[in-house]
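Per-entry structural report
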Amino acid sequence: FLGAGGGNDIQWCFSQVKGAVDDDVAEADIISTVEFNHSGELLATGDKGGRVVIFQQEQENKTQSHSRGEYNVYSTFQSHEPEFDYLKSLEIEEKINKIRWLPQKNAAQFLLSTNDKTIKLWKISERDKRPEGYNLKEEDGRYRDPTTVTTLRVPVFRPMDLMVEASPRRIFANAHTYHINSISINSDYETYLSADDLRINLWHLEITDRSFNIVDIKPANMEELTEVITAAEFHPNSCNTFVYSSSKGTIRLCDMRASALCDRHSKLFEEPEDPSNRSFFSEIISSISDVKFSHSGRYMMTRDYLSVKIWDLNMENRPVETYQVHEYLRSKLCSLYENDCIFDKFECCWNGSDRQVEIFSIIVMTGSYNNFFRMFDRNTKRDITLEASRENNKPRTVLKPRKVCASGKRKKDEISVDSLDFNKKILHTAWHPKENIIAVATTNNLYIFQDKMN
Amino acid sequence: MPIGQPPVRQAAEALGGGGGHFGAERGARLSGGSAASAEAPSAMAAPLGTGTRAEENGQEKQDMQEKETVTPERAEEAKLKAKYPNLGQKPGGSDFLMKRLQKGQKYFDSGDYNMAKAKMKNKQLPSAGPDKNLVTGDHIPTPQDLPQRKSSLVTSKLAG
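In this text, all values refer to a predicted model and were calculated from it rather than measured experimentally. (Residues numbered from 1 in each chain as written. Chains lettered and ligands numbered in written order. Predicted model: local features only at pLDDT ≥ 70, side-chain atom pairs only at ≥ 80, totals over all residues. Heavy atoms only, no water.)

Bringing the overall build of chain B into the picture now. Of the regular secondary structure elements, chain B holds six helices and zero strands. Counted from the first residue to the last, chain B has its helices and strands arranged as α-α-α-α-α-α. The buried share among the 160 residues of chain B stands at 27%. Residue pairs in contact within chain B that sit at least 24 positions apart in sequence constitute 48% of those at least 6 positions apart. Accessible surface, chain B: about 10500 Å² in total, of which carbon and sulfur atoms supply 55%. (Helix = DSSP H or I, 4+ residues; strand = E, 2+ residues; numbered from the N terminus. Buried < 20%, exposed > 50% of the residue type's maximum accessible area, 1.4 Å probe, protein only. Contact = heavy atoms within 4.5 Å. Areas by Shrake-Rupley, 256 points an atom, 1.4 Å probe, with all protein chains shown as cover.)

Before going further, it helps to spend a moment on the overall build of chain A. A tally of regular secondary structure across chain A gives two helices and 32 strands. For 454 residues, the compact-globule estimate of 2.2 N^0.38 gives 22 Å, and the C-alpha radius of gyration of chain A, at 24 Å, lies within 12% of that figure. The principal-axis extents of the C-alpha atoms in chain A amount to approximately 95 × 60 × 45 Å. Burial analysis of chain A (454 residues in total) assigns 54% to the buried set. Taking all contacts inside chain A whose residues are at least 6 apart in sequence as the whole, residues at least 24 apart take part in 54%. Only carbon and sulfur atoms are counted for the fraction: they give 47% of the accessible area of chain A, which is about 20800 Å². Here chain A carries 59 positive and 68 negative side-chain charges, and the mean point of each set is 4 Å from the other. (Rg over C-alpha atoms; globule rule 2.2 N^0.38 Å. Lys, Arg positive; Asp, Glu negative; His and termini not counted. Charge placed at Lys NZ, Arg CZ, Asp CG, Glu CD.)

Turning next to the nonpolar core. Residue and element names in this part refer to chain A. Of all hydrophobic cores here, the largest spans 24 residues; its most connected members are Tyr-305, Leu-329, Leu-336, Tyr-337, Ile-342 and Leu-420. Of all the secondary-structure elements, those providing two or more residues to this core are helix 1 (282-286) and helix 2 (333-338). For Leu-420, the residues in contact, after removing those within four places along its chain, are Tyr-328, Asn-370, Phe-372, Val-404 and Ile-415. (Core = buried A, V, L, I, M, F, W, Y, C linked by side-chain atoms within 4.5 Å.)

What follows is about the pairing of strand 20 (residues 290-293) of chain A. The two faces of strand 20 of chain A match: A:Asp290 and A:Lys292 on one face and A:Val291 and A:Phe293 on the other face are all buried. Connecting the antiparallel pair strand 20 of chain A and strand 21 (residues 299-303) of chain A is a turn made up of five residues, with A:Gly297 showing a positive phi of about 90°. (Pairing = 2+ DSSP bridges.)

Another aspect to go through is the sheet that holds strand 17 (residues 241-246) of chain A. Residues and elements named next belong to chain A. In spatial order, the strands read 16-17-18-19; together these four strands make up an open sheet with antiparallel pairing. The outermost strands of the open sheet, each flanked by one partner alone, are strand 16 (229-234) and strand 19 (267-269). Adjacent strand axes in the sheet meet at a mean angle of 20°, parallel and antiparallel pairs treated alike. Pairing of strand 16 with strand 17 involves five bridges; the strand directions are antiparallel. The partner of Ile-229 across the bridge, within strand 17, is Ser-246. (Axes fitted to C-alpha atoms, helices over the stretch in contact; angles between N-to-C directions.)

How two aromatic rings sit relative to each other is set out by the distance from centre to centre and by the angle between their planes. All names here are of chain A. Applying the stated criterion across every chain yields a total of 21 aromatic pairs over all chains. Centre to centre, the rings of Phe-14 and Tyr-447 are 6.5 Å apart; their planes meet at 75°, and the pair counts as edge-to-face. Separated by 433 residues along the polypeptide, Phe-14 in strand 1 (residues 12-18) and Tyr-447 in strand 32 (residues 446-451) bring together distant segments of the chain. Exposure class is identical for Phe-14 and Tyr-447. Each is buried. Members of the aromatic cluster, joined through ring pairs, are Phe-14, Phe-373, Tyr-447 and Phe-449. Seen from the ring of Tyr-134, Lys-137 lies directly overhead, with NZ or CZ sitting 5.1 Å from the centre. The ring of Tyr-299 has Arg-378 lying over it, and the distance from NZ or CZ to the ring centre is 4.5 Å. (Phe/Tyr/Trp six-rings, centres within 6.5 Å; stacked < 30°, edge-to-face > 60°. Lys NZ or Arg CZ within 6 Å of the ring centre and 35° of its normal.)

Attention shifts here to the pairing of strand 16 of chain A. Regular strands show a simple pattern: their side chains alternate between the two faces of the sheet. Burial runs high along strand 16 of chain A: six of the six residues are buried. Count of turn residues in the strand 16 of chain A/strand 17 of chain A antiparallel hairpin: six residues.

Residue and element names in this part refer to chain A. Overall, the coordinates contain zero disulfides over all chains when judged by the stated rule. Its sulfur unpaired, Cys-254 is 5.2 Å from the next cysteine sulfur, which belongs to Cys-262. Sulfur of Cys-341: no disulfide; nearest cysteine sulfur belongs to Cys-334 and is 13 Å away. (Disulfide = S-S within 2.5 Å.)

A separate point is the sheet that holds strand 25 (residues 363-367) of chain A. Residues and elements named next belong to chain A. Across the sheet, which stays open at both edges, the four strands sit in the order 24-25-26-27 with antiparallel pairing between neighbours. If you trace the sheet from one side to the other, it starts and ends with strand 24 (348-350) and strand 27 (383-387), each paired once. Within this sheet the neighbouring strands show an average axis-to-axis angle of 20°, counted without direction. Inspection of the sheet shows strand 26 (residues 372-377) paired to strand 27 by five bridges, in the antiparallel sense. Directly across from Phe-372, in strand 27, lies its bridge partner Glu-387.

Here we take up helix 4 (residues 72-83) of chain B. Residues that lie three or four places apart on an α-helix share one face, since the helix turns once every 3.6 residues. Over its twelve residues, helix 4 of chain B extends 17 Å from the first C-alpha to the last, a length consistent with the 16 Å expected when each residue adds 1.5 Å. Within the span of helix 4 of chain B, buried status applies to B:Glu73, B:Ala75, B:Glu76, B:Glu77, B:Ala78, B:Leu80 and B:Lys81. (Expected span 1.5 Å × (residues − 1).)

A separate point is the side chain of A:Asn445. Relative to the helices and strands, A:Asn445 is located in the loop between strand 31 (437-441) and strand 32. Assessed through its relative accessible area of 6%, A:Asn445 is described here as buried. Not counting residues within four places of it along the chain, the set of residues in contact with A:Asn445 comprises A:Val17, A:Lys18, A:Gly19, A:Ala20, A:Ile31, A:Arg390, A:Val440 and B:Leu158.

Turning to the environment of A:Glu316, a few remarks are in order. Residue and element names in this part refer to chain A. On the secondary structure map, Glu-316 appears in the loop between strand 22 (307-312) and strand 23 (321-324). When its relative accessible area of 31% is taken as the criterion, Glu-316 is described as partly exposed. Considering only alpha carbons, one finds Glu-316 and Leu-268, 48 residues apart in sequence, at a separation of 6.1 Å. A distance of 2.9 Å separates a polar atom in the side chain of Glu-316 from the backbone nitrogen of Leu-268. (Polar contact = N/O pair within 3.5 Å; in protein donor to acceptor, adjacent residues only side chain to side chain.)

On to the pattern of salt bridges. Following the criterion strictly, the structure yields 35 salt bridges over all chains and no others. The closest approach of N and O atoms between A:Arg298 and A:Asp312, which form a salt bridge, is 2.8 Å. One end of the pair, A:Arg298, is in the loop between strand 20 and strand 21; the other, A:Asp312, is in strand 22, with 14 residues separating them in the sequence. A:Arg298 sits in the partly exposed class, given a relative accessible area of 42%. Ionic contacts of the salt-bridge type, sharing partners, join the residues A:Asp29, A:Asp47, A:Arg51 and B:Lys157 into one network. (Salt bridge = Lys/Arg side-chain N within 4 Å of Asp/Glu carboxyl O.)

Time to look at the confidence of the model for chain A. Residues with a pLDDT of 70 or more make up 95% of chain A, whose mean pLDDT is 92. Contacts for the low-pLDDT stretch residues 1-7 of chain A, under 50 throughout, to residues beyond four places or in other chains number 19 contacts. (pLDDT = per-residue confidence, 0-100.)

Right, let's get into the side chain of A:Asp197. Locating A:Asp197 in the fold gives a position in the loop between strand 13 (191-195) and strand 14 (199-204). The residues touching A:Asp197, leaving out its near neighbours within four places in the chain, are A:Tyr178, A:His179, A:Asn181, A:Ile217, A:Val228, A:Ile229, B:Arg100 and B:Leu101.

Further remarks concern the environment of A:Ile180. Residue and element names in this part refer to chain A. By the element assignment, Ile-180 lies in the loop between strand 11 (156-172) and strand 12 (182-185). Along the backbone, Ile-180 and Lys-98 are 82 residues apart, and their C-alpha atoms lie at a distance of 9.0 Å. Not counting chain neighbours up to four residues away, the residues in contact with Ile-180 comprise Asn-97, Thr-114, Asn-115, Asp-116, Lys-117, Thr-118, Ile-119, Ala-195 and Asp-196.

What follows is about the confidence of the model for chain B. Any segment with low pLDDT has predicted coordinates that should not be analysed in fine detail. Residue and element names in this part refer to chain B. Confidence along chain B averages 54 in pLDDT terms, with 24% of residues attaining 70 or more. At the level of individual helices and strands, chain B shows its lowest average pLDDT in helix 1 (residues 11-30), which scores 32, and its highest in helix 4, which scores 89. Residue range residues 1-59 is modelled with pLDDT below 50. Its contacts to residues more than four positions away, or to other chains, number 67 contacts.

In structure tokens, the structure reads:
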């Protein structure tokens with residue numbers, strides 16, 4: 001296991017947990033996305049109630065050298081509201097599907113947040129001083145009678161308690177007939193893509209009244225619909241390249257230089273399937289729920305229901321590595337289909353990468369059930385299962401690895417497959433871009449773990 | 001390019017062979033309901049010498065015996081087919097995809113509602129079934145059936 005010894009193994013410790021303790025979870029509190037910004041100083045969450053909460057890492061305390069800064073609430077705002085499209089008789093959920101941060105260009109921070117239909121660019125800015133000493137206004141804002149002014153003074157800025165304000169700067173609406181599943185900011189930092197079930201649009205961050213459609217897989221006859229787009233992402237370095245994944249387990253890489261409409265892929269990544277293994281469930285469990293490029297852009301990772309696959313962009317016919325997340329669920333597919341869990345969309349993420357030192361993307365993380373999450377080390381081929389639970393919240397105590405007993409005699413400390421709580425799912429996880437700090441979202445709580453220092 | 005306008009396309013070129021072929025393949029494998037899935041275990045059973053094919057109610061027991069020879073996925077499929085014999089008559093993909101695309105659809109037509117109310121003055125109005133997400137079929141939606149939507153004015157508990 002990771003953490004079981006060895007020089008470079010990470011030992012994960014509990015750091016913080018955010019959210020209510022009670023078991024009765026309100027729909028609105030269900031966390032729907034988690035994302036660190038480019039420096040890792042800020043951590044954003046979105047929830048089903050359309051709210052965004054941003055945490056900020058404290059500056060490292062020199063006296064407390066055994067832990068990195070804690071994350072505290074920095075800003076919270078209502079990003080999206082529920083809407084009703086009367087024309088189509090369609091309810092539009094306010095749930096935040098994705099948050100993506102822009103790289104910081106000035107004092108303010110910018111992020112894109114999206115629900116099923118509308119993407120918004122939010123500006124988060126700090127105000128820590130205010131002007132005082134106006135001649136014609138009192139401090140409370142009331143106007144003074146000019147005839148009472150006998151002397152003039154120059155207004156000055158005086159410090160005030162820090163106020164963090166969020167304001168919507170752009171609203172990108174009315175471009176998606178179907179439900180937006182992904183947004184991805186281009187490496188040019190000027191454009192971004194948004195993908196729904198059947199189409200992908202390209203936007204300019206400054207322009208809200210139009211977008212370019214770059215992928216359209218809607219069949220002329222909807223009866224012939226066989227697959228939908230499940231995720232899309234821009235290449236981290238090539239601003240002309242993006243990928244999108246499908247419900248059939250394929251990934252298409254497209255080059256925007258080839259044509260305006262990228263319906264023809266440049267590369268098609270698909271693992272051949274053994275037809276004798278095919279079952280009713282095959283297509284459902286092959287549906288890709290997330291796709292993420294590695295930091296270098298040489299590899300990409302996909303998540304389907306039971307596994308994580310690493311693909312080399314130079315090889316289309318099969319993944320270079322496959323990691324089983326919870327293979328023991330294969331013999332539970334019937335129940336998982338009945339309780340709809342088979343349609344759960346798990347995300348995945350790479351470890352952080354310090355650009356100053358060439359660190360390859362070597363660890364992948366993804367969630368599972370029973371509030372378990374898994375990590376796979378590509379170099380050592382070792383894996384570990386950890387649990388996000390309030391019972392483990394002793395800071396600086398290394399988390400104990402978990403093990404699921406698939407069949408046969410259950411050892412002490414193992415948990416049997418039938419005891420797993422399928423309502424406790426970890427769909428969203430994020431890794432700090434530079435340090436070994438991870439954010440793991442359970443249904444309504446956010447856990448932060450760090451590696452043990454010293 | 002105007003927002004949301006797909007280019008004109010030829011369905012045949014894009015999906016032609018795929019769609020039809022897919023349907024036929026699926027149909028062949030899953031058609032005949034439980035008979036098809038029952039075939040597989042019994043074919044496997046022969047080498048194990050378990051004799052004659054078990055009846056429907058013994059199917060599950062046989063499945064468990066054959067777990068070594070039948071993949072777990074196929075065993076699960078057989079279980080599902082036994083519970084829902086009508087499943088899979090259409091290609092499995094399309095049903096899910098359609099349902100997914102229709103997420104969020106709620107219908108309420110006050111005209112329909114009032115007419116239905118007038119027609120069924122003496123009868124009880126059929127109310128929506130447990131699955132409120134499906135397109136309205138043979139029931140008439142009432143305002144009570146549509147779940148209340150209101151934006152959360154409460155601050156997130158993550159921030160508290």
